[in-house]
Amino acid sequence: MFRHILDSRTSSNTVHATELITNAQIGPEEQKAVLNATVLNELCKKYPPSVAYQKAFMKTLLHKLEESEVEMCDEIYEVYTDLLQQTEDEDDILCYKTYHLPNGETVSLQESIHLISQGTTGLNTWQAALHLAEWAFENSGLLENKKVLELGSGLGLTGIAICKQCKLRSLTFSDCHPQVLYLLMHQTSAQCETRYRYGTVIRHYGNKLYVPASADDLEEESDDELDIGIFTPDEEFWEEGDYAESYKLCCDNRISLLQLDWSKGSHDFLDKLAPDIILAADVVYDKEVIPSLVRILLKVLKPKKNNVPIAYIASTVRNEDTRDFFLINLANEGLAYEMVEPPKEKTFHYDDIIPIEILRIHYSGT
């Protein structure tokens, strides 16, 4: 986040920390500018990263300044000392990450500090979601005035980003895990230019997440804890949608949230939803869920009257056997696919050492 803030600011007073430190040209005023663009930035104060991350950033900054043998301003020491005195509750598993969009807007999401939390990987933003968002920015014409369904939305980075950057007709987020849906609901409310005050969400559940493990647990918990653990719509900002387990954002009915379990039910309501574009990122990771995923794709991709849907699935290819298993299942169900060109510009900072592919999928059967 910090480096991206530095890179994306355009004020004449703004400095690029890496270049300045490398060139040994960073004096007291430039050092203050670095602080004001990062740990002291208003965005950082409003949506703070984890204390551990901020400490690591300041430690790295101090180390680079010492290597350059420049005189450090007092504010550098003051900020670092203040951070060293801060502690994080060991039960706190959420922190903020902020993403900058090409149009100058930002998306700030609360994410888990663990790769797997509450039995799901959906509480993190993964590389393929960022990659897919970048592709959508460069191909916004394909999404203009389209009804978009996102499968496995997770925390909603891709969907929220294209809502802010592209001109969609509507967007339906979907996921199945209760805690992911709960956090996604509040993230969407806060980010999609609504009157929702994010501070209210933070006070409601802080940085902790809880999902009751069983019906017995439900009986033992207080009402406040039940609000945190069970996925229920916030009636102040969401209303019942047109389909089972779906909800619409009150202030903008173009945005919907759908509780969708790929493995259960007939999913007949998807025929009425009739999306034009289906998006998904990092949903091809487990052979056990791939048949269910492909059945959902088959359901939404079969052409309907005046509607020939297309799916774009972004995947980090960690295991070629899993990827190939997905492709075989697509072919067996009459779904054709082709790889699309990756985005030319990298908007976000993420590890792309492992290849990321985007497949364009459409129905080719009879």
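It should be emphasised that the depicted structure is a prediction, and the values quoted were computed from it without experimental measurement. (Residues numbered from 1 in each chain as written. Predicted model: local features only at pLDDT ≥ 70, side-chain atom pairs only at ≥ 80, totals over all residues. Heavy atoms only, no water.)

### Some words on the pattern of salt bridges
Test applied: Criterion for a salt bridge: a side-chain nitrogen of Lys or Arg within 4 Å of a carboxyl oxygen of Asp or Glu. Strands here are runs of E lasting at least two residues and helices are runs of H or I lasting at least four, both read from the DSSP assignment and numbered beginning at the N terminus. Relative accessibility thresholds used throughout: buried, under 20% of the residue-type maximum; exposed, over 50%; partly exposed, between the two (1.4 Å probe, protein chains only).
For the structure on display, the rule yields eleven salt bridges. Across the pair Glu-105 and Lys-164 runs a salt bridge, and its minimum N-O distance is 3.3 Å. Taken as a pair, Glu-105 in the loop between β1 (94–100) and β2 (106–112) and Lys-164 in helix α9 (residues 157–165) lie far apart in primary sequence, 59 residues in all. On the accessibility criterion, Glu-105 (26% relative accessible area) is partly exposed. Accessibility expressed as a relative area gives 15% for Lys-164, which makes it buried. Residue Lys-299 is joined to Asp-271 by a salt bridge in which the shortest nitrogen-to-oxygen separation is 3.4 Å. Highlighted residues: Lys-299 in helix α15 (residues 290–301) and Asp-271 in helix α14 (residues 269–273), separated in sequence by 28 residues. Each member of the salt-bridge network shares a partner with another, and the members are Glu-29, Lys-32 and Glu-75.

### With respect to the sheet that holds strand β4 (residues 170–175)
Whenever strands of a sheet pair, they do so through backbone hydrogen bonds, lying parallel or antiparallel. Our working rule: Strand pairing requires that DSSP identify at least two bridges connecting the strands. In this analysis, axes come from line fits to C-alpha atoms, helices being fitted only over the stretch in contact, and the angle between any two N-to-C directions falls in the range 0 to 180 degrees.
In spatial order, the strands read β5-β6-β7-β4-β3-β8-β9-β11-β10; together these nine strands make up an open sheet with mixed pairing. Of all the strands in the sheet, just β5 (238–240) and β10 (335–339) have a single pairing partner and so form its edges. Each neighbouring strand pair of the sheet contributes to a mean axis angle of 25°, computed without reference to strand direction.

### Looking at helix α7 (residues 127–138)
Filter applied, for reference: Take the number of residues in a helix, subtract one, and multiply by 1.5 Å to get its expected span.
When the terminal C-alpha atoms of α7 are compared, their 17 Å separation across twelve residues agrees well with the 16 Å that a helix rising 1.5 Å per residue should span. Along α7, ten of the twelve residues are buried, which leaves the element largely enclosed by surrounding structure. Residues of α7 that are buried: Ala-128, Ala-129, Leu-130, His-131, Leu-132, Ala-133, Glu-134, Trp-135, Ala-136 and Phe-137.

### Some words on the packing of α7 against α9
Here is the rule we go by: In what follows, roughly perpendicular refers to angles from 65 to 115 degrees, roughly parallel to angles under 35, roughly antiparallel to angles over 145, and oblique to any angle outside these ranges. In this scheme the crossing of two helices becomes right-handed for a clockwise turn of the near helix relative to the far one and left-handed for an anticlockwise turn of less than a right angle. Every residue pair with non-hydrogen atoms within 4.5 Å of one another is taken to be in contact. Basically, the charged four are Asp, Glu, Lys and Arg, the nonpolar ten are Ala, Val, Leu, Ile, Met, Phe, Trp, Tyr, Cys and Pro, and anything else, Gly included, counts as polar.
Where α7 meets α9, the closest approach of the two axes is 9 Å, and the angle between their N-to-C directions is 20°. Classified by the interaxial angle, the pair formed by α7 and α9 is roughly parallel. Seen from above, α7 lies across α9 with right-handed handedness. On α9, the residues that touch Ala-129, Leu-130, Leu-132, Ala-133, Ala-136 and Phe-137 of α7 are Leu-157, Thr-158, Ala-161, Ile-162 and Gln-165. Tallied by class, residues from the contact of α7 with α9 come to nine nonpolar, two polar and no charged.

### Focus on the nonpolar core
Keep this limit in mind: Side-chain atoms within 4.5 Å are what join buried Ala, Val, Leu, Ile, Met, Phe, Trp, Tyr and Cys residues into a set we call a nonpolar core.
Counting residues in each nonpolar core, the largest one holds 46 residues, and the members touching the most others are Ile-162, Tyr-312 and Phe-348. Per-element accounting of this core gives the leading share, eight residues, to α7. Membership of the second largest hydrophobic core comes to 29 residues, among which are Leu-149, Leu-258, Leu-270 and Leu-327.

### Things to note about the packing of aromatic side chains
Stated precisely, the cut-off is as follows: Here is the rule: rings of Phe, Tyr and Trp (six-membered ring for Trp) pair when centre to centre is within 6.5 Å. Planes less than 30 degrees apart are stacked, more than 60 are edge-to-face, and the remainder are tilted.
The final tally for this structure, using the stated rule, is four aromatic pairs. Pairing Phe-137 with Phe-348 gives two aromatic rings, centres 6.1 Å apart and planes at 55°, and the pair type is tilted. Of this pair, Phe-137 sits in helix α7 while Phe-348 sits in the loop between β10 and β11 (356–363), and the two are 211 residues apart along the sequence. The pair Phe-137 / Phe-348 is uniform in exposure class, with both members buried. Members of the aromatic cluster, joined through ring pairs, are Tyr-99, Phe-137 and Phe-348.

### Things to note about the pairing of β1
Among the seven residues in β1, six count as buried, and that is most of the element. By the bridge criterion, seven bridges tie β1 to β2 in an arrangement that is antiparallel. Residue pairing across strands places Cys-95 opposite Glu-111, the latter belonging to β2. Once β1 ends, the chain turns through five residues before running back antiparallel as β2, passing Gly-104 with a positive phi of about 95°.

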